[in-house]
Amino acid sequence: MKRTIIQPAWLRITHWVNALAVMLMVTSGWQIYDASPIFPALRFPAAITLGGWLGGALLWHFAVMWLLVGNFLIYLGLNIVSGRLHRKLLPIRFKSLAADLIAAMRGTLAHEDLARYNAVQKFAYLAVIVDIALLVLSGLAVWKSVQFPLLRTLMGGYDNARIVHFIAMSTLVAFFVVHLVMVMLVPRSLLLMIRGR
């Protein structure tokens, strides 16, 4: 009997491309950050940065930026057009979110049906979509500050745009870490993202 595909091929491909792009963007971004830190007490060890120096990190960051943005637009577009965004991630009810969050903190959140997302997953996936959009917009405000004065102003100026970019990056890294921990706790989800079922 043929088993139903839960995660379509386009979703799996964009997921893995996004994972690679995020790792490259974050590690090159850490090298860029180290050249002009926002928080002087915070520096990233060279062993976990990409680019070797500021110029090399900028080359990596700007090259991979196009991959991240293009992949994100494909992912978001296909989710909207296919109806998957609405079907899988909406609605989120506060009561369900609170109950699932409490269950997750207690370690009792069920994961029997991988075809359905619980309220915490729905919220996290929607939050990361918004976060990546904020990362891109704040990145544009930092990179092309003169060309996008309205965007720069909306971010509170150039220096604040750097802070927004850093916070959005930190949020994405936190999501990434929690996501990896959840995959370790529910290894079937990794197979689902590789095989689709």
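Just so you know, these numbers come straight off a predicted model, no measurement behind them.

Participant: Requested: an account of the layout of surface pockets, with residues and values cited.
Facilitator: One number sums up the size of the second largest pocket: a volume of about 720 Å³. What lines the second largest pocket is a set of 28 residues, among which Ile32, His61, Gly139, Val142 and His165 lie closest to the centre. Counting residues per element, the ones that place at least two in the lining of the second largest pocket are helix H1 (9–35), helix H2 (54–82), helix H5 (119–143) and helix H7 (158–185). Considered class by class, the residues forming the lining of the second largest pocket number 22 nonpolar, five polar and one charged.

Participant: Tell me about the packing of H1 against H2, and please be specific about residues and values.
Facilitator: Put simply, H1 and H2 touch, their axes get as near as 8 Å, and they point 150 degrees apart. One way to sum up the angle between H1 and H2 is to call them roughly antiparallel. Note that H1 runs across H2; the crossing there is left-handed. Split into classes, the residues belonging to the contact of H1 with H2 amount to 20 nonpolar, nine polar and no charged.

Participant: Outline the environment of Gly70, listing residues and values.
Facilitator: Along the chain, the position of Gly70 falls in helix H2. Classification of Gly70 by relative accessible area gives partly exposed; the value is 28%. In sequence terms Gly70 and Thr14 are 56 residues apart; their C-alpha atoms lie 9.9 Å from each other.

Participant: Which residues make up the side chain of Asn79, and what are the values?
Facilitator: Inspection of the secondary structure puts Asn79 in helix H2. When its relative accessible area of 0% is taken as the criterion, Asn79 is described as buried. In contact with Asn79, not counting residues within four places along its chain, are Trp10, Leu11, Arg84 and Leu85.

Participant: So what's going on with the packing of aromatic side chains? Which residues, and what values?
Facilitator: Under the criterion given, the structure shown has eight aromatic pairs. With centroids separated by 5.4 Å and ring planes inclined at 75 degrees, the aromatic side chains of Tyr33 and Phe44 adopt a geometry described as edge-to-face. In this pair, Tyr33 sits in helix H1 while Phe44 sits in the loop between H1 and H2, placing the two residues 11 residues apart along the sequence. Consider the rings of Phe39 and Phe166, whose centres lie 5.4 Å apart with planes at 65 degrees: the pair is edge-to-face. Residue Phe39 is located in the loop between H1 and H2, and its partner Phe166 is located in helix H7; the two are separated by 127 residues in the primary sequence. Judged by relative accessible area, which is 13%, Phe166 ranks as buried. Through successive ring pairs, a cluster of aromatic residues spans Trp30, Tyr33, Phe39, Phe44 and Phe166. Between the NZ or CZ atom of Lys88 and the centre of the ring of Tyr117, over which it lies, the distance is 5.7 Å. When the ring centre of Trp143 is taken as reference, the NZ or CZ atom of Lys144 above it lies at 4.8 Å.

Participant: Can you lay out the environment of Gly29 for me, pointing to particular residues and giving the numbers?
Facilitator: Assignment of secondary structure puts Gly29 in helix H1. Taking C-alpha positions, Gly29 is 11 Å from Arg162, a pair spaced 133 residues apart along the chain.

Participant: So what's going on with the side chain of Asp131? Which residues, and what values?
Facilitator: By secondary structure assignment, the location of Asp131 is in helix H5. No salt bridge is formed by the buried Asp131; the nearest opposite charge belongs to Arg162, separated by 16 Å. Residues contacting Asp131, with those up to four places away along its chain left out, are Ala168, Thr171 and Leu172.

The rules behind each value
- Residues numbered from 1 in each chain as written.
- Predicted model: local features only at pLDDT ≥ 70, side-chain atom pairs only at ≥ 80, totals over all residues.
- Heavy atoms only, no water.
- 1 Å grid on protein atoms, 1.4 Å probe; cavity = no way out; pocket = protein on both sides within 12 Å on 5 of 7 lines; lining within 4 Å.
- Points joined across faces, edges and corners; volume = space filled by probe spheres on them.
- Helix = DSSP H or I, 4+ residues; strand = E, 2+ residues; numbered from the N terminus.
- Nonpolar A, V, L, I, M, F, W, Y, C, P; charged D, E, K, R; others polar.
- Axes fitted to C-alpha atoms, helices over the stretch in contact; angles between N-to-C directions.
- Parallel < 35°, antiparallel > 145°, perpendicular 65-115°, else oblique.
- Left-handed = near helix turned anticlockwise from the far one by under 90°.
- Buried < 20%, exposed > 50% of the residue type's maximum accessible area, 1.4 Å probe, protein only.
- Contact = heavy atoms within 4.5 Å.
- Phe/Tyr/Trp six-rings, centres within 6.5 Å; stacked < 30°, edge-to-face > 60°.
- Lys NZ or Arg CZ within 6 Å of the ring centre and 35° of its normal.
- Lys, Arg positive; Asp, Glu negative; His and termini not counted.
- Salt bridge = Lys/Arg side-chain N within 4 Å of Asp/Glu carboxyl O.

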